[in-house]
Amino acid sequence: MSHRYGAKFIDVEETCPYLPNRLAVLPFYLTDFRAEPEAFDQALADGVRRSGVFIYHTQCPGCDACEPIRIPVEDFAPRRRHRRVLKKAEAELRVEIGEPIIDRERVELYNKHKVGRGLGEPGSEIDLRSLKEFIGITCCDSREFRYYRADELVGVAIADIGRQAMSAVYCYFDSQLTDLGIGNFSVLKQIEACRTWGIKYLYLGFYVAGNAHMKYKASYLPHERRIDGVWQRFE
């Protein structure tokens, strides 16, 4: 990954966020794609992810477990499980799309999701500023997908948009509503949005076979995964 994405902000070894007992190197770059959506498309095709105003990629010594994954939306065919999720969730949830918002309601929902899904221990909750730095500020054109049950906000997904690509940045939801499958429902609604907006690819971040929270991504078929620098199609 070259320096064309901007100034390198940090490039240190750290604990792997995806697999236990491993170290990761995730170079972060400070950049801005808002005036260049085509450049953002290319960055996604190169395998980058966004966190706040930074983008990053994996450069981990001796490990290639993280595989960028994307869905060619026109070719995607929902499986029976996806149709079940759509039918059940659409009967109970209302969807809104707008500019990203950071407020206390979202912080509480994020922390409920984090602890409830086993993504952090009690005491690891974040505050308003941290959530803003993670997904509230951006270096590209970003949208918030909001999922309401009656008048209660029960799910939020942040997506970044280029010219021909959308990136699903993060989704957090009420972890007690497992029967609604909000995470999968969000992906399906983002695929619908891509089709409506004429977007070719929906990027789902990294597929990591050894991470229980990421394995679901392989259920969207067909999809493509970037392996050894080449996008390979899986039917």
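Anything mentioned here points back to the structure above.
Residues numbered from 1 in each chain as written. Predicted model: local features only at pLDDT ≥ 70, side-chain atom pairs only at ≥ 80, totals over all residues. Heavy atoms only, no water.

Chemist: I keep staring at unusual backbone geometry and nothing clicks. Help me out?
Modeler: Peptide bonds are, in most cases, trans, and in most cases residues other than glycine have a negative phi. In this chain, Leu-221 is followed by Pro-222 through a cis amide linkage whose omega measures -10°. Among the secondary structure elements, Pro-222 is positioned in the loop between β12 (201-207) and β13 (223-227). Positioned with a positive phi, Asp-228 is a non-glycine residue whose angle comes to about 55°. Assignment of secondary structure puts Asp-228 in the loop between β13 and β14 (230-234). Its relative accessible area of 72% is what places Asp-228 among the exposed residues. (Helix = DSSP H or I, 4+ residues; strand = E, 2+ residues; numbered from the N terminus. Buried < 20%, exposed > 50% of the residue type's maximum accessible area, 1.4 Å probe, protein only.)

Chemist: Can you help me understand helix α1 (residues 37-45) in this one?
Modeler: Since one α-helical turn is 3.6 residues long, residues separated by three or four positions face the same way. Along α1, the positions that sit buried rather than exposed are Pro-37, Phe-40, Asp-41, Ala-43, Leu-44 and Ala-45. Note on α1: the residue one or two positions beyond its end, Gly-47, has a positive phi of about 100°.

Chemist: Even after reading the chapter, I still don't get the sheet that holds strand β11 (residues 165-173), so can you show me in this structure?
Modeler: Across a sheet, strands are paired by hydrogen bonds formed along the backbone, either parallel or antiparallel in direction. Spatial ordering of the open sheet is given by β8-β9-β10-β11-β12-β7-β13-β14, a layout of eight strands whose pairing is mixed. The two strands at the open ends of the sheet, each matched to only one other strand, are β8 (93-98) and β14. Strand-to-strand twist across the sheet, computed as the mean angle between neighbouring axes with direction ignored, equals 30°. In the sheet, strand β7 (residues 67-72) pairs with β12 via five bridges, with the strands oriented antiparallel. Looking at the pairing, Arg-70 lines up with Tyr-203 of β12. Sheet contacts for α1: β7, β10 (152-161), β11, β12, β13 and β14; angle to β11, the most-contacted strand, approximately 70°. (Pairing = 2+ DSSP bridges. Axes fitted to C-alpha atoms, helices over the stretch in contact; angles between N-to-C directions. Contact = heavy atoms within 4.5 Å.)

Chemist: I keep staring at a nonpolar patch on the surface and nothing clicks. Help me out?
Modeler: Nonpolar side chains collect at one region of the surface, where Phe-9, Ile-10, Val-12 and Leu-30 lie side by side and expose about 360 Å² of accessible area between them. With respect to the helices and strands, the residue Leu-30 is situated in strand β4 (residues 28-30). (Patch = residues over 30% accessible without salt bridge, like charges linked within 9 Å, V, L, I, M, F, W, Y side chains within 5 Å. Areas by Shrake-Rupley, 256 points an atom, 1.4 Å probe, with all protein chains shown as cover. Salt bridge = Lys/Arg side-chain N within 4 Å of Asp/Glu carboxyl O.)

Chemist: Sorry if this is basic, but what is going on with the sheet that holds strand β6 (residues 54-56) here?
Modeler: The strand order β1-β4-β6-β5 describes an open sheet built from four strands, whose pairing is antiparallel. Each edge of the sheet is formed by a strand with only one pairing partner; in this case those strands are β1 (7-10) and β5 (49-51). On average, adjacent strands in this sheet sit at an angle of 40° to one another, irrespective of strand direction. Two elements, β4 and β6, share three bridges in a ladder whose sense is antiparallel. Its bridge partner being in β6, Leu-30 is matched across the sheet by Phe-54.

Chemist: Quick question: what am I supposed to make of the packing of helix α2 (residues 80-92) against helix α5 (residues 182-197) here?
Modeler: How two helices sit against one another is set out by the angle between their axes and by the gap between those axes. Contact pair α2 / α5: the axes reach a minimum separation of 9 Å and the direction vectors enclose 95°. On the basis of their axis angle, the class for α2 and α5 is roughly perpendicular. Here His-82, Val-85, Leu-86, Ala-89 and Glu-90 of α2 lie close against α5, whose contacting residues are Asn-184, Phe-185, Leu-188, Lys-189 and Glu-192. Split into classes, the residues belonging to the contact of α2 with α5 amount to five nonpolar, two polar and three charged. (Parallel < 35°, antiparallel > 145°, perpendicular 65-115°, else oblique. Nonpolar A, V, L, I, M, F, W, Y, C, P; charged D, E, K, R; others polar.)

Chemist: Would you mind showing me how to read a positive patch on the surface here?
Modeler: On the surface, Arg-79, Arg-80, Arg-81, Arg-83 and Arg-84 cluster together into a positively charged patch. Structurally, Arg-79 can be placed in the loop between β7 and α2. On the basis of relative accessible area, Arg-79 is assigned to the partly exposed category, the value being 34%. (Lys, Arg positive; Asp, Glu negative; His and termini not counted. Charge placed at Lys NZ, Arg CZ, Asp CG, Glu CD.)

Chemist: Before we go on, may I ask you to explain the packing of aromatic side chains in this structure?
Modeler: In this description, a pair of aromatic rings is defined by centroid distance and the angle of the planes. By the definition in use, this model includes 14 aromatic pairs. Considering the side-chain rings of Phe-28 and Phe-54, the 6.2 Å spacing of their centres and the 70° angle between planes classify their relative orientation as edge-to-face. Linking Phe-28 in strand β4 with Phe-54 in strand β6, this pair joins segments that are 26 residues apart in sequence. We note that Phe-28, like Phe-54, is buried. On the numbers, 5.8 Å between centres and 40° between planes, the contact of Tyr-110 with Tyr-170 is tilted. Here the residue Tyr-110 occupies a position in helix α3 (residues 104-116), and Tyr-170 occupies one in strand β11, the gap between them amounting to 60 residues. Of the residues examined, Tyr-110 reaches a relative accessible area of 9% and is grouped as buried. (Phe/Tyr/Trp six-rings, centres within 6.5 Å; stacked < 30°, edge-to-face > 60°.)

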